[in-house]
Amino acid sequence: MKKNKLILLLAMFLLKTIVAESQNKTNELLVNNFVKSVFFEKKNAKFVADNYMFFEPINNTKYSSEDRIKILGKHLKKIKKEKSSLINPQDFSIVPYDDYKYAKAVFKTTYNVFILLSKNNLVMYFSLINDRILSFDYITKGDESLFITY
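The present account deals with the structure reproduced in this document. (Residues numbered from 1 in each chain as written. Predicted model: local features only at pLDDT ≥ 70, side-chain atom pairs only at ≥ 80, totals over all residues. Heavy atoms only, no water.)

### Structural notes on the pattern of salt bridges
Next, step 1: All told, the structure shown has two salt bridges when counted by the stated rule.
Next, step 2: Linking Asp50 and Lys46 is a salt bridge whose minimum nitrogen-to-oxygen distance equals 3.0 Å. Taken together, the positions of Asp50 and Lys46, both in helix 2 (residues 45-52) and four residues apart, correspond to about one turn of that helix.
Next, step 3: Classification of Asp50 as partly exposed rests on a relative accessible area of 41%.
Next, step 4: The shortest N-O distance in the salt bridge between Asp137 and Lys78 comes to 3.1 Å. (Salt bridge = Lys/Arg side-chain N within 4 Å of Asp/Glu carboxyl O. Helix = DSSP H or I, 4+ residues; strand = E, 2+ residues; numbered from the N terminus. Buried < 20%, exposed > 50% of the residue type's maximum accessible area, 1.4 Å probe, protein only.)

Put into structure tokens, the structure is as follows:
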């Protein structure tokens with residue numbers, strides 16, 4: 001009986017590992033496509049919002065979805081200006097936050113946080129939720145960094 005439990009626990013662990021690795025690959029592909037769309041294909045904010053972004057529900061009727069897309073557009077313009085020169089189209093990659101072993105921003109949670117690297121240099125961070133990008137911009141307060149959502 002103990003042997004069966006051990007085999008079951010091992011099988012569950014392996015399945016969980018395989019599912020997590022598959023999810024990481026899906027998320028890395030999503031961020032990779034976002035980077036291509038924003039930096040190399042020059043897609044507009046509406047396209048980026050529709051294909052890559054997760055907008056949290058808000059109770060504030062002051063901002064319509066069109067307003068949020070305009071805000072996103074301003075953030076996209078900002079990152080293009082600041083980051084375009086740092087990204088080599090032939091040599092960039094996306095890695096899970098925990099796989100990057102060098103100096104980096106500290107977030108409260110690193111679950112579904114990915115890092116864009118170009119020529120092995122850290123360029124920017126991404127927070128994902130529900131197979132979409134929740135944020136790609138952050139601020140640092142004290143020792144902790146916080147993602148900004150749209």
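Having seen the model, we can carry on.
### Some remarks on unusual backbone geometry
Next, step 1: Positive phi, normally seen in glycine, also occurs at Asn130, with a value near 50 degrees.
Next, step 2: Although it is not a glycine, Asp131 adopts a positive phi angle of roughly 60 degrees.
Next, step 3: Along the chain, the position of Asp131 falls in the loop between strand 3 (121-129) and strand 4 (132-135).

### Some words on the packing of aromatic side chains
Next, step 1: Applying the stated criterion across every chain, the model contains 13 aromatic pairs.
Next, step 2: Ring centres 5.3 Å apart and planes at 40 degrees place the aromatic pair Phe34 and Phe136 in the tilted group. Placement of Phe34 in helix 1 (residues 2-40) and of Phe136 in the loop between strand 4 and strand 5 (137-141) is noted, with a sequence separation of 102 residues between them. For the residue pair Phe34 and Phe136, the accessibility class agrees, reading buried in each case.
Next, step 3: Considering the side-chain rings of Tyr100 and Tyr102, the 5.4 Å spacing of their centres and the 65 degrees angle between planes classify their relative orientation as edge-to-face.
Next, step 4: Grouping aromatic residues by their ring pairs yields a cluster made of Phe34, Phe47, Tyr52, Phe126 and Phe136.
Next, step 5: Sitting above the plane of the Phe47 ring, Lys43 keeps its charged end 4.8 Å from the centroid. (Phe/Tyr/Trp six-rings, centres within 6.5 Å; stacked < 30°, edge-to-face > 60°. Lys NZ or Arg CZ within 6 Å of the ring centre and 35° of its normal.)

### Thoughts on a nonpolar patch on the surface
Next, step 1: Taken together, the side chains of Ile58, Tyr63 and Ile71 make up a nonpolar region of the molecular surface, amounting to roughly 230 Å² of accessible area.
Next, step 2: Looking at the element boundaries, Ile71 is found in helix 3 (residues 65-83). (Patch = residues over 30% accessible without salt bridge, like charges linked within 9 Å, V, L, I, M, F, W, Y side chains within 5 Å. Areas by Shrake-Rupley, 256 points an atom, 1.4 Å probe, with all protein chains shown as cover.)

### Quick look at the nonpolar core
Next, step 1: Residues Phe34, Val35, Leu76, Leu116, Phe126, Ile133 and Phe136 are the most contacted members of the largest nonpolar core, which totals 27 residues.
Next, step 2: Among the elements of the structure, helix 1, helix 2, helix 3, strand 1 (92-96), strand 2 (113-118) and strand 3 are those that each provide at least two residues to this core.
Next, step 3: If one sorts the elements of this core by residue count, helix 1 sits on top with six residues.
Next, step 4: Not counting the four nearest positions on each side in its chain, Phe136 is found in contact with Phe34, Met53, Leu72, His75, Leu76, Ile79, Met124, Tyr125, Phe126 and Tyr150.
Next, step 5: Ala105, Phe107, Val113 and Leu117 belong to the second-largest nonpolar core, a separate cluster that totals nine residues. (Core = buried A, V, L, I, M, F, W, Y, C linked by side-chain atoms within 4.5 Å. Contact = heavy atoms within 4.5 Å.)

### Things to note about helix 2
Next, step 1: What helix 2 keeps buried is the set Ala45, Val48, Ala49 and Tyr52. The arc that holds every buried residue of helix 2, seen down its axis, measures 110 degrees, which confines them to one face.
Next, step 2: Where helix 2 begins, the capping side chain belongs to Asn44, and its oxygen is found 3.2 Å from the backbone nitrogen of Lys46. (Arc of directions from axis to C-beta. Polar contact = N/O pair within 3.5 Å; in protein donor to acceptor, adjacent residues only side chain to side chain.)

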